[in-house]
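Commentary on secondary and tertiary structure
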Amino acid sequence: MIVEEIMSTDITTLKATATIQDAIEIMNKNRIRHIPIVDDDMHILGIVTNRDIRDASPSIFHADEHKEDFLKPVTEIMTTEVITAQKLDFVAEVSSIFYEHNIGCLPITEDDKLVGIITETDILHTLVELMGAHQPSSQIDIRVENITGKLADLASIFKERKVNITSVLVYPCNNDPNYKVLTFRVQTMDPRGIIEAIEKEGYKVLWPNLPGIDL
């Protein structure tokens, strides 16, 4: 999946001459938390976030003081070192940028011009969809040896039981390089039959635990 597939092209922007008050009003009106600051050619000059607004605002105990500060231009509080991405970048790579830099949004550029934006919410929604967690399903965690062919072997068990797999994730197993955890999300609300089949083949099912757990 590439960035172009999940980015928003309906972007709310401001010019450098806009005031901090303008930014506050637009954020409240559109229920957004990030506003790119651009020039007439849509080149990014900076970005203002709700955190910038919060840091520039007086405390509730001094709310009536220094109101003139809100008439200052957004250039006074905007971040000028803006991290950007390209619309053909992979979503997985972009997700690591959010993680590494602890940012809430990422402007998307083409030929140095702003063409879109993605937020941490977009990344979260995409992750949920990729995992299939937004639709009725069951999760099964299985510990396997870290050797070639285990995923295919388990997939064949699901196929024999006619259980549709919606997503598969691979995790390290308690820092033990000899094992991995395969997490399957499958289209069944009662996974007991497939779990029994998996355990019959000698695999360790970590979740859900049987017997005794309410499935």
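Shown above is the structure to which this text applies.
Below or above, wherever it landed, is the structure these notes cover. Here the structure is a predicted model, which means the values were calculated and not measured.

1. Some points on the pairing of strand E8 (residues 176-186)
- One ladder, built from 8 bridges, connects strand E6 (residues 138-145) with E8; its direction is antiparallel. Paired with Asp141 across the bridge in E8 is Thr183.
- By the bridge criterion, 8 bridges tie strand E7 (residues 165-173) to E8 in an arrangement that is antiparallel. Directly across from Ile165, in E8, lies its bridge partner Val186.
- Two successive antiparallel strands, E7 and E8, enclose a turn made up of 2 residues, where Asn174 displays a positive phi of approximately 50°.

2. Focus: the side chain of Thr126
- Looking at the secondary structure, you find Thr126 in helix H4 (residues 120-131).
- A polar side-chain atom of Thr126 sits 2.8 Å from the main-chain carbonyl oxygen of Asp122.
- Contact partners of Thr126, with chain neighbours within four places excluded, come to Met1, Ile6 and Val91.

3. Examining unusual backbone geometry
- Residue Pro208 is bonded to the preceding Trp207 through a cis peptide linkage, with omega at -10°.
- Within the secondary structure layout, Pro208 lies in the segment after strand E9 (204-207).
- Phi is positive for Lys162, which is not a glycine, with a value near 60°.
- One can find Lys162 in the loop between helix H5 (150-160) and E7.
- On the basis of relative accessibility, which here comes to 76%, the residue Lys162 falls in the exposed class.

4. Considering the pairing of strand E1 (residues 34-38)
- Taken across its 5 residues, E1 has 5 buried, putting it largely inside the fold.
- Neither face of E1 is left uncovered, since the one carrying His34, Pro36 and Val38 and the one carrying Ile35 and Ile37 both have all their residues buried.
- The sheet contact formed by E1 and strand E2 (residues 44-49) spans 5 bridges and is antiparallel. The residue of E2 that forms the bridge with His34 is Thr49.
- Count of turn residues in the E1/E2 antiparallel hairpin: 5 residues, of which Met42 carries a positive phi of about 65°.

5. Some points on the sheet that holds strand E5 (residues 113-119)
- Strand order across the open sheet formed by 3 strands is E3-E4-E5, with mixed pairing between neighbours. Edge positions in the sheet fall to strand E3 (85-86) and E5, since each of these pairs with one other strand and no more.
- Of the strands in this sheet, E3, strand E4 (105-110) and E5 are in contact with helix H3 (residues 91-101), which crosses E4 at around 135°.

6. Quick word on the packing of aromatic side chains
- As enumerated under the stated definition, the model contains 1 aromatic pair in all.
- An angle of 35° between the planes, with centres 4.7 Å apart, marks the rings of Phe158 and Phe184 as tilted. Taken together, the positions of Phe158 in helix H5 and Phe184 in strand E8 put the pair 26 residues apart, joining distant regions of the chain. The burial state of Phe158 is the same as that of Phe184; both residues are buried.
- When the ring centre of Tyr179 is taken as origin, the NZ or CZ atom of Arg143, which lies over that ring, is 4.7 Å away.

7. Describing the sheet that holds E7
- Spatially, the 4 strands line up as an open sheet ordered E7-E8-E6-E9, and their pairing is antiparallel. Pairing within the sheet leaves two strands with one partner each, and these edge strands are E7 and E9. Taken over all neighbouring pairs, the strand axes of this sheet differ in orientation by 30° on average, direction set aside.
- Sheet topology places E6 next to E9; 3 bridges connect them, and they run antiparallel. Across the sheet, the residue bridging to Arg143 is Lys204, located in E9.
- With respect to the sheet, H4 is in contact with E7 and E8, its orientation differing from that of E7 by roughly 105°.
- Sheet strands in contact with helix H6 (residues 192-200) are E6 and E9, and its direction is about 5° off that of E6.

Rules behind the numbers
- Chains are numbered independently. Their residues run from 1 in the order of the written sequence.
- Local features in this predicted model are restricted to residues of pLDDT 70 or higher, and side-chain atom pairs are both shown and tallied only at a pLDDT of 80 or more, whereas totals for entire chains, interfaces and linings draw on every residue.
- With hydrogens and water stripped out, all remaining heavy atoms of the structure feed into the side-chain values.
- DSSP bridges decide pairing: two strands pair if at least two such bridges lie between them.
- Secondary structure elements follow DSSP: runs of H or I of four or more residues count as helices, runs of E of two or more count as strands, with numbering from the N terminus.
- Think of a polar contact as two N or O atoms within 3.5 Å of one another; within protein, one of them needs to be a possible hydrogen donor and the other a possible acceptor, and neighboring residues in sequence only count if both atoms come from side chains.
- In this description, contact between two residues means that some pair of their heavy atoms is separated by no more than 4.5 Å.
- Note on classification: 1.4 Å probe, protein chains only; a residue is buried when its accessible area is under 20% of the maximum for its type, exposed when over 50%, partly exposed between these limits.
- Axes here mean lines fitted to C-alpha atoms, for a helix over just the part in contact, with angles spanning 0 to 180 degrees between N-to-C directions.
- The rule is short: rings of Phe, Tyr and Trp, with Trp giving its six-membered ring, pair when the centres are within 6.5 Å, and they are stacked under 30 degrees, edge-to-face over 60, tilted in between.
- The rule is short: NZ of Lys or CZ of Arg within 6 Å of the ring centre and within 35 degrees of the ring normal puts a charge over the ring.

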